[in-house]
Amino acid sequence: MERTLVIIKPNGVRRGLVGDLLSRFERRGLKIAGLKMATMSRSKAAEHYAEHEGKSFYEELVGFITSGPVVLTVIEGPKAISIARSMAGPTDPSKASPGTIRGDYAISITCNIVHASDSSKSAEREIGLFFQQEEIQRYDLRNES
Ligand SMILES: Nc1ncnc2c1ncn2[C@@H]1O[C@H](COP(=O)(O)OP(=O)(O)OP(=O)(O)O)[C@@H](O)[C@H]1O
Ligand SMILES: [Mg+2]
């Protein structure tokens, strides 16, 4: 079983896509194990995107992710990390196939709708940035037998 951090970015919230996007993960058979809404502080955003500090797009990235509320979710399931990444599609929505989240809802590389952790190490680090252990729920899905 794996856990990954999926973030619905501010434009996903502003466009009213929260239910639609969460529903895709539920429909796929992945479990919502943690869920909250928050507006990221600049320091939280800087921690989350620390690997990109100094890159040309960094300021735009941090400005965007702090521009309004996001939905933070811990998604759990077998191979959840790679499944969530493939559901999100490539970073640049212009390269994303229809059927992926970015391929269905985005055209801008900055405003690419969702974040999904890229490895188990990133997932653990990123979940720890936004969730306390007790905010992650344990329950069985009906389709997990
Ligand atoms: N070349 C670029 N130009 C502009 N923005 C970029 C570029 N590369 C990445 N970004 C932005 O930085 C974010 C983080 O980049 P990263 O390489 O981690 O992509 P990702 O893992 O697909 O996206 P995310 O971490 O948001 O899930 C991207 O989602 C995108 O918004
Ligand atoms: Mg990334």
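It should be emphasised that the depicted structure is a prediction, and the values quoted were computed from it without experimental measurement.

Help me understand the sheet that holds strand β1 (residues 2–8) in this model?
Sheet strands pair by backbone hydrogen bonding; their relative direction is either parallel or antiparallel. Spatially, the four strands line up as an open sheet ordered β2-β3-β1-β4, and their pairing is antiparallel. If you trace the sheet from one side to the other, it starts and ends with β2 (31–38) and β4 (114–116), each paired once. For this sheet, the mean inter-axis angle between neighbouring strands, taken without regard to orientation, is 20°. As defined by bridge partners, β2 adjoins strand β3 (residues 70–77) across seven bridges and the pair is classed as antiparallel. If you follow Ile32 over to β3, its bridge partner there is Ile75. Sheet contacts for helix α2 (residues 18–28): β1, β2, β3 and β4; angle to β1, the most-contacted strand, approximately 165°.

Honestly, unusual backbone geometry in this entry has me stumped. Any pointers?
Negative phi is the rule for most residues except glycine; trans is the rule for most peptide bonds. The phi torsion at Lys79 lies on the positive side, around 55°, for a residue other than glycine. Within the secondary structure, Lys79 sits in the loop between β3 and α5 (80–88). Look at Lys79 and you get exposed, because its relative accessible area is 56%. At Ile113, a position not held by glycine, the phi torsion is positive, near 75°. By the element assignment, Ile113 lies in the loop between α6 (101–105) and β4.

How should α2 be read in this particular structure?
Each α-helix turn comprises 3.6 residues. Residues three or four places apart therefore point the same way. All of the buried residues in α2 are Leu21, Leu22, Arg24 and Phe25. All buried residues of α2 fall inside an arc of 145° around its axis, so they share one side. Those residues of α2 that are exposed and angled more than 90 degrees off the buried face are Glu26 and Arg27. The elements touched by buried residues of α2 are β1, β2, β3, α5, α6 and β4. Immediately downstream of α2, the backbone of Gly29 shows phi near 105°, a positive value.

Thresholds, definitions, all that
Residues numbered from 1 in each chain as written. Chains lettered and ligands numbered in written order. Predicted model: local features only at pLDDT ≥ 70, side-chain atom pairs only at ≥ 80, totals over all residues. Heavy atoms only, no water. Pairing = 2+ DSSP bridges. Helix = DSSP H or I, 4+ residues; strand = E, 2+ residues; numbered from the N terminus. Axes fitted to C-alpha atoms, helices over the stretch in contact; angles between N-to-C directions. Contact = heavy atoms within 4.5 Å. Buried < 20%, exposed > 50% of the residue type's maximum accessible area, 1.4 Å probe, protein only. Arc of directions from axis to C-beta.

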